[in-house]
There are 2 protein chains.
Amino acid sequence: MHERRGFLKGLFGLGTAAWSLPLVGGGLATGTAAAQTPPPPPGKKLGYALVGLGSLSEHQIAPALASKTKHCKLAGLVSGNPDKAKAWAQKYGLPERSIYSYDNFDRIKDNPDIDIVYVVLPNSMHAEFTIRAAKAGKHVLCEKPMAVSVKECDQMIAACKAAKVQLAIGYRLHFEPNNLEMVRLAREKTFGRVKVIEAAAGFPIGDPRQWRLDKKLSGGGSLLDIGIYALQAARYIAGEEPINVSARWSRTDPVKFKPGVEESVLFTLEFPSGILANCASSYGCNLNRFRASAEHGWFEVQPALNYEGIKGRSRSQQGPKDWDLPVVDHFAAEMDDFAECVASGKPTRVPGEEGRRDQRIMAAIYQSAASGKTIAL
Amino acid sequence: MHERRGFLKGLFGLGTAAWSLPLVGGGLATGTAAAQTPPPPPGKKLGYALVGLGSLSEHQIAPALASKTKHCKLAGLVSGNPDKAKAWAQKYGLPERSIYSYDNFDRIKDNPDIDIVYVVLPNSMHAEFTIRAAKAGKHVLCEKPMAVSVKECDQMIAACKAAKVQLAIGYRLHFEPNNLEMVRLAREKTFGRVKVIEAAAGFPIGDPRQWRLDKKLSGGGSLLDIGIYALQAARYIAGEEPINVSARWSRTDPVKFKPGVEESVLFTLEFPSGILANCASSYGCNLNRFRASAEHGWFEVQPALNYEGIKGRSRSQQGPKDWDLPVVDHFAAEMDDFAECVASGKPTRVPGEEGRRDQRIMAAIYQSAASGKTIAL
């Protein structure tokens, strides 16, 4: 395990450098302000409170905090369902004082066991709980998408700056070795310059009553929820910010997909160096692959965004190669990294500004699909 | 070999039905007029004359006619290079009277050994030689792209109609078992409805002095030459005609790629049923895959468009499956099929009207890329 950490640190260094260099705008990362807050004692495991005890918290995040993280642990719960919260507290051995409802959540400010609030709520609730957590003096890790509008992103960033807390977005693939290898191969031009990127993310959505299909809670359709992975991949593989976007969308089932909740949306990003990226997002079918095609070969991850089982490969003039990279729990890596950032004052590689960039592009994607025009970014 | 033919006939039947059903507009196939010409004696191998003795003729078409076709053979040569033509004639045992220059080509009308002219010239010469061949009373197989403008396509179709000869376009993948399997799986909804198609075709182009990079000869860039495979695939997998297209293009090397000769162009097609297709074309990198993502699985060919070694596979809830379909020489299958069409008066599945549809869409792709607007089709 020690070796794995070492390996990850190596990749972290690369990842941070590679992704921070080309990113445009947004000023300083939120993290730089947070350096002023007193760091926790060295060696202390930081405490995370989970806001929202849905499937992601239950099956990924809580198990990671229970047995996989090195620098943090589960320290609090925030739920709208008191019975569920009680059962969780029992399971994870949490005291009653660390269980909160959405109403009394703000009292979390008086709980010294909780350093970081992880917002795992439906999209439209991200802004409110991020801002409330910041006001309570807690650092915030907020699931993707950051919010449902750029304006909300601005408010979240401002609230965290004002409170001198760090804000990170739950972009777990920034901590996944195969995705990081994609970035390395692109940045080092191992196969020459990247010319075309293809990134697709989707799944056939089930229950039509779920929050993802309710625009009030989701803020949109497949793009905000799953297509954002394709947008992220295009951006981190290109290592540049897109200069424009063109998009088309589709709803083949008007009962399941109401207006404003697109089933599929395809979008093309143009980057300053001439890289073009074809991206796809869908709630109608499985899409799960990021590929970069370069002058002398291609490299891809497929599956690209599963919680487990991500596989990368490349093909050059020397032939095909299956990668054999360490298997990492994305959520454990993401939470440990942020805990280290909070502890050391080092800025996170996935700050609110990064979430805001995606939000701005996603708004342009919707604008392009609705207008039939390429939107300059 | 007999079994293979039987298998192919089965696929041909399917392919014809599947592709002719959804295709819109264009009136009757050119082939229907040709039914009035007297068929050659049964059992006779029809004679092909090759116009243009470049790499494709040398390495694919002539060898196929020499040893792989059942219903046709090499019977004539048309070349701008007398020495080359003489060497070819010697190699393939052709009489001197069946060798033509571009100037005296029209005398081909008096040569009873030649039934079909296969135009394998640079794109901008397709229209002229198709029309001259038709006027000489010969049926015409013309390489893709059919021409460099829709107007030329109209002239070619009109010339063949007037001469009561058939016109086919060299869409060899309509005769390739893995590509036909893609069509079958889409049409039969084996994995449910197709939602998203991804089709990409490209290669890193070499010698900057070649005709493909000279707009006067090529009529455009990668799209007309290689991206047309992606456009074709999107259309035959969808089984519908697109209602609009959005495109972006790129030239990263202005020395190699002059204005009007795009290096890469990405385009999104929207189909009436809601299927969306992301397509990519490039002279900057290898792209070689067609994939359909459906409700309950996906299916793909990769490599998709090589002369040899095309491989298909699918993945459903039952797991992955590598296809094991017969290996076919695309050019032999294409030329044999057209010979049979000519002999029987049956319309070809790849008529001039099919080439014209692509030409119209390619013009819209360029228009969209230039204007930044989605173009209705």
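Per chain, residues are indexed from 1 in the order of the written sequence. Lettering of chains starts at A and numbering of ligands starts at 1, both following the order in which they are written. This being a predicted model, a pLDDT of at least 70 is required before a residue's local features are given, and a value of 80 or more before pairs of side-chain atoms are given or counted; all residues contribute to the totals for chains, interfaces and linings. Derived side-chain values reflect all non-hydrogen atoms in the structure, with water molecules and hydrogen atoms excluded from consideration.

Draft legend 1. Just the domain arrangement of chain A, in detail. Residues and elements named next belong to chain A. The domains assigned to chain A are domain 1 (24–172 + 331–349) and domain 2 (177–327). Every contact between the two is made by 13 residues of domain 1 and, on the other side, 15 residues of domain 2. Buried surface area refers to the total accessible area, computed with a probe of radius 1.4 Å, that the two partners give up upon joining, counted for both partners together. Regarding the contact of domain 1 and domain 2, the summed buried area is about 1300 Å², with carbon and sulfur atoms giving 57% of it. One speaks of a salt bridge when a side-chain nitrogen belonging to Lys or Arg is within 4 Å of a carboxyl oxygen belonging to Asp or Glu. Taken together, the links from domain 1 to domain 2 amount to zero salt bridges. Note that Gly is not counted as nonpolar here; it falls among the polar residues with everything else outside the nonpolar set of Ala, Val, Leu, Ile, Met, Phe, Trp, Tyr, Cys and Pro and the charged set of Asp, Glu, Lys and Arg. In terms of residue class, the side of domain 1 that touches domain 2 is built from seven nonpolar, three polar and three charged. Domains are outlined according to an automatic or database domain assignment. Contact definition: two residues touch when any of their heavy atoms are within 4.5 Å.

Draft legend 2. Up close: the packing of aromatic side chains. When the centres of two rings from Phe, Tyr and Trp lie within 6.5 Å, Trp using its six-membered ring, the rings pair. Their planes under 30 degrees apart give stacked, over 60 give edge-to-face, and anything left gives tilted. For the coordinates displayed, the defined rule picks out 18 aromatic pairs over all chains. Relative to Tyr283 of chain A, the ring of Phe257 of chain A lies with its centre 6.5 Å away and its plane at 15 degrees, an arrangement referred to as stacked. Of the two residues, Phe257 of chain A sits in the loop between strand 8 (244–250) and strand 9 (264–270) while Tyr283 of chain A sits in the loop between strand 10 (276–282) and strand 11 (287–294), which places them 26 residues apart along the sequence. Judged on exposure class, the residue Phe257 of chain A and its partner Tyr283 of chain A are both buried. Each ring, one from Tyr102 of chain B and one from Phe129 of chain B, has its centre 5.3 Å from the other, and the planes form 65 degrees; the classification is edge-to-face. Taken as a pair, Tyr102 of chain B in the loop between strand 3 (99–100) and strand 4 (116–119) and Phe129 of chain B in helix 5 (residues 126–135) lie far apart in primary sequence, 27 residues in all. An aromatic cluster is defined as three or more aromatic residues linked by ring pairs; in this entry it consists of Tyr102, Phe105 and Phe129 of chain A. Each helix is a run of DSSP H or I of at least 4 residues and each strand a run of E of at least 2, with the numbering of both proceeding from the N terminus. For each residue, the accessible area found with a 1.4 Å probe, counting protein chains only, is set against the maximum for its type, and the residue is called buried under 20%, exposed over 50%, and partly exposed in between.

Draft legend 3. Fine view of the relation of the copies chain A and chain B. In this comparison the copies share one frame, found by least squares on the C-alpha atoms of residues holding pLDDT of at least 70 in both. Least-squares fitting of chain A to chain B yields an RMSD of 0.0 Å, with the superposition described by an axial translation of 0.0 Å and a rotation of 180 degrees. Such a combination of rotation and displacement between the chain copies is what one expects of a two-fold axis. Considering only C-alpha atoms, the part of chain A nearest the rotation axis is Lys373 of chain A, at 2.3 Å. With an isologous cut-off of 70% or more, the 100% of interface residues of chain A that recur at the interface of chain B puts this contact in the isologous class.

Draft legend 4. Looking closely at unusual backbone geometry. Residue and element names in this part refer to chain A. A cis amide bond links Lys144 with the next residue in sequence, Pro145, at an omega value of -10 degrees. As for its position among the elements, Pro145 is in the loop between strand 5 (139–142) and helix 6 (150–163). If you check the backbone angles, Lys164 has positive phi at about 55 degrees while not being a glycine.

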